[in-house]
Amino acid sequence: MSTVRMVFVTVPDETVGLSLVRTLLDEGLIACGNLVPGLRSIYRWRGAICDDSEVQLILKTTAAAWNALRDRIVVLHPYDCPEVLCIAVEDGHPDYLRWVAESVGS
(Lines give C-alpha, C1' and ligand atoms only; values in the text may rest on other atoms or scores of the structure.)
Protein backbone atom coordinates (compact mmCIF):
# COMPACT_ATOMS: atom_id res chain seq x y z
CA MET A 1 0.00 0.00 0.00
CA SER A 2 1.21 3.51 -0.77
CA THR A 3 1.32 6.43 1.64
CA VAL A 4 -0.82 8.54 -0.71
CA ARG A 5 -4.23 9.68 0.47
CA MET A 6 -7.15 11.17 -1.45
CA VAL A 7 -9.17 13.68 0.53
CA PHE A 8 -12.70 14.69 -0.45
CA VAL A 9 -14.07 18.07 0.62
CA THR A 10 -17.23 19.86 -0.51
CA VAL A 11 -17.26 23.65 -0.69
CA PRO A 12 -20.02 26.14 -1.53
CA ASP A 13 -18.47 27.48 -4.74
CA GLU A 14 -15.37 27.61 -6.94
CA THR A 15 -14.05 30.79 -5.32
CA VAL A 16 -13.88 29.11 -1.91
CA GLY A 17 -12.47 25.94 -3.47
CA LEU A 18 -9.74 27.76 -5.37
CA SER A 19 -8.73 29.72 -2.27
CA LEU A 20 -8.63 26.59 -0.15
CA VAL A 21 -6.59 24.58 -2.68
CA ARG A 22 -4.07 27.39 -3.23
CA THR A 23 -3.60 27.89 0.52
CA LEU A 24 -3.09 24.16 1.11
CA LEU A 25 -0.59 24.02 -1.77
CA ASP A 26 1.29 27.05 -0.44
CA GLU A 27 1.44 25.45 3.00
CA GLY A 28 2.80 22.17 1.58
CA LEU A 29 -0.11 20.07 2.83
CA ILE A 30 -1.19 18.78 -0.59
CA ALA A 31 0.47 17.92 -3.89
CA CYS A 32 -2.59 18.60 -6.02
CA GLY A 33 -6.20 19.68 -5.79
CA ASN A 34 -9.01 19.15 -8.29
CA LEU A 35 -12.14 21.30 -8.34
CA VAL A 36 -15.16 19.48 -9.74
CA PRO A 37 -18.06 21.90 -10.23
CA GLY A 38 -21.70 20.96 -10.71
CA LEU A 39 -22.18 18.91 -7.56
CA ARG A 40 -25.67 18.83 -6.10
CA SER A 41 -25.86 17.84 -2.45
CA ILE A 42 -29.09 16.79 -0.77
CA TYR A 43 -28.69 16.22 2.94
CA ARG A 44 -30.25 16.59 6.36
CA TRP A 45 -28.88 19.45 8.47
CA ARG A 46 -30.29 20.55 11.80
CA GLY A 47 -33.62 18.81 11.17
CA ALA A 48 -34.19 20.20 7.67
CA ILE A 49 -33.63 18.68 4.24
CA CYS A 50 -31.23 20.88 2.26
CA ASP A 51 -30.60 20.88 -1.49
CA ASP A 52 -27.50 22.89 -2.47
CA SER A 53 -25.10 23.36 -5.35
CA GLU A 54 -21.51 22.71 -4.29
CA VAL A 55 -18.05 22.04 -5.69
CA GLN A 56 -16.21 18.80 -4.90
CA LEU A 57 -12.52 19.07 -4.07
CA ILE A 58 -10.28 16.05 -4.53
CA LEU A 59 -6.99 16.61 -2.75
CA LYS A 60 -3.87 14.42 -2.92
CA THR A 61 -1.68 14.20 0.17
CA THR A 62 0.25 11.71 2.27
CA ALA A 63 -0.55 9.76 5.41
CA ALA A 64 2.04 11.81 7.29
CA ALA A 65 0.34 15.11 6.34
CA TRP A 66 -3.24 13.91 6.82
CA ASN A 67 -3.88 15.09 10.41
CA ALA A 68 -2.44 18.56 9.79
CA LEU A 69 -4.38 18.82 6.51
CA ARG A 70 -7.66 17.84 8.14
CA ASP A 71 -7.18 20.32 10.96
CA ARG A 72 -6.26 23.12 8.55
CA ILE A 73 -9.28 22.48 6.32
CA VAL A 74 -11.60 22.67 9.33
CA VAL A 75 -10.08 26.03 10.32
CA LEU A 76 -10.25 27.52 6.80
CA HIS A 77 -13.61 26.09 5.71
CA PRO A 78 -16.74 28.29 5.85
CA TYR A 79 -19.07 25.44 6.93
CA ASP A 80 -19.76 24.65 10.59
CA CYS A 81 -19.23 20.94 9.91
CA PRO A 82 -17.30 20.46 6.64
CA GLU A 83 -17.07 17.15 4.84
CA VAL A 84 -13.43 16.05 5.10
CA LEU A 85 -12.98 12.40 4.13
CA CYS A 86 -9.68 10.59 3.66
CA ILE A 87 -9.25 7.46 1.58
CA ALA A 88 -6.04 5.44 1.43
CA VAL A 89 -4.71 4.80 -2.07
CA GLU A 90 -3.80 1.13 -2.23
CA ASP A 91 -2.02 1.24 -5.55
CA GLY A 92 -1.43 3.45 -8.56
CA HIS A 93 1.09 4.56 -11.15
CA PRO A 94 4.38 4.43 -9.21
CA ASP A 95 5.74 7.65 -10.72
CA TYR A 96 2.57 9.54 -9.78
CA LEU A 97 2.55 8.17 -6.23
CA ARG A 98 6.20 9.13 -5.86
CA TRP A 99 5.46 12.65 -7.18
CA VAL A 100 2.66 13.12 -4.62
CA ALA A 101 4.90 11.92 -1.78
CA GLU A 102 7.77 14.20 -2.88
CA SER A 103 5.49 17.22 -3.41
CA VAL A 104 3.82 17.29 0.00
CA GLY A 105 5.85 19.41 2.38
CA SER A 106 7.71 21.14 -0.44
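Here's a quick rundown of the structure. (Residues numbered from 1 in each chain as written. Predicted model: local features only at pLDDT ≥ 70, side-chain atom pairs only at ≥ 80, totals over all residues. Heavy atoms only, no water.)

### Brief notes about the pattern of salt bridges
Once their charged atoms are close, side chains differing in charge can pair, the charge on each being opposite to the other. Just so we agree on the cut-off: Any Lys or Arg side-chain nitrogen located within 4 Å of an Asp or Glu carboxyl oxygen qualifies as a salt bridge. Counting from the N terminus, the helices are the DSSP runs of H or I reaching at least four residues and the strands are the DSSP runs of E reaching at least two. Only protein chains enter the accessibility calculation, which uses a 1.4 Å probe; a residue whose area is less than 20% of its type maximum is buried, one above 50% is exposed, and one in between is partly exposed.
By the definition in use, this model includes five salt bridges. The shortest N-O distance in the salt bridge between Arg-40 and Asp-51 comes to 2.4 Å. Highlighted residues: Arg-40 in strand S2 (residues 32-45) and Asp-51 in strand S3 (residues 48-62), separated in sequence by eleven residues. A relative accessible area of 59% means that Arg-40 is categorised as exposed. On the basis of relative accessible area, Asp-51 is assigned to the partly exposed category, the value being 41%.

### Notes on the environment of Ala-64
For Ala-64, the position within the fold is in the loop between S3 and helix H2 (66-76). Sequence separation between Ala-64 and Leu-29 is 35 residues; the distance between their C-alpha atoms is 9.6 Å.

### Here's the deal with the packing of aromatic side chains
Centre-to-centre distance and the angle between the planes together describe a pair of aromatic rings. Threshold: Stacked, tilted and edge-to-face pairs are distinguished by plane angle, under 30 degrees for stacked and over 60 for edge-to-face with tilted covering the rest, among Phe, Tyr and Trp rings (Trp via its six-membered ring) whose centres lie within 6.5 Å.
With the rule as written, the count across this model stands at one aromatic pair. Seen in terms of ring centroids, Tyr-96 and Trp-99 are 5.4 Å apart; in terms of plane orientation they differ by 40 degrees. Their pairing is tilted. Of this pair, Tyr-96 and Trp-99 both sit in helix H3 (residues 94-103), three residues apart, roughly one helical turn. Its relative accessible area of 37% is what places Trp-99 among the partly exposed residues.

### So, the sheet that holds strand S4 (residues 84-88)
Quick reminder of the rule: Pairing between strands is defined by DSSP: at least two bridges between them are needed. Here an axis means a line fitted to C-alpha atoms, over the contact stretch when the element is a helix, while the angle between two N-to-C directions is reported on a 0 to 180 degree scale. Here a residue-residue contact requires only that any non-hydrogen atoms of the pair lie within 4.5 Å.
The antiparallel open sheet is built from four strands, whose spatial order is S2-S3-S1-S4. Strands with a single pairing partner mark the edges of an open sheet, and in this sheet they are S2 and S4. Shown here is a sheet whose adjacent strand axes are inclined to one another by a mean of 25 degrees, direction ignored. Bridge count between strand S1 (residues 4-11) and S3: eight bridges; the pairing is antiparallel. Each bridged residue has a counterpart across the sheet, and for Arg-5 the counterpart in S3 is Thr-61. Most of the contacts of helix H1 (residues 14-26) go to S2, to which it runs at about 130 degrees, and overall it touches S1, S2 and S3.

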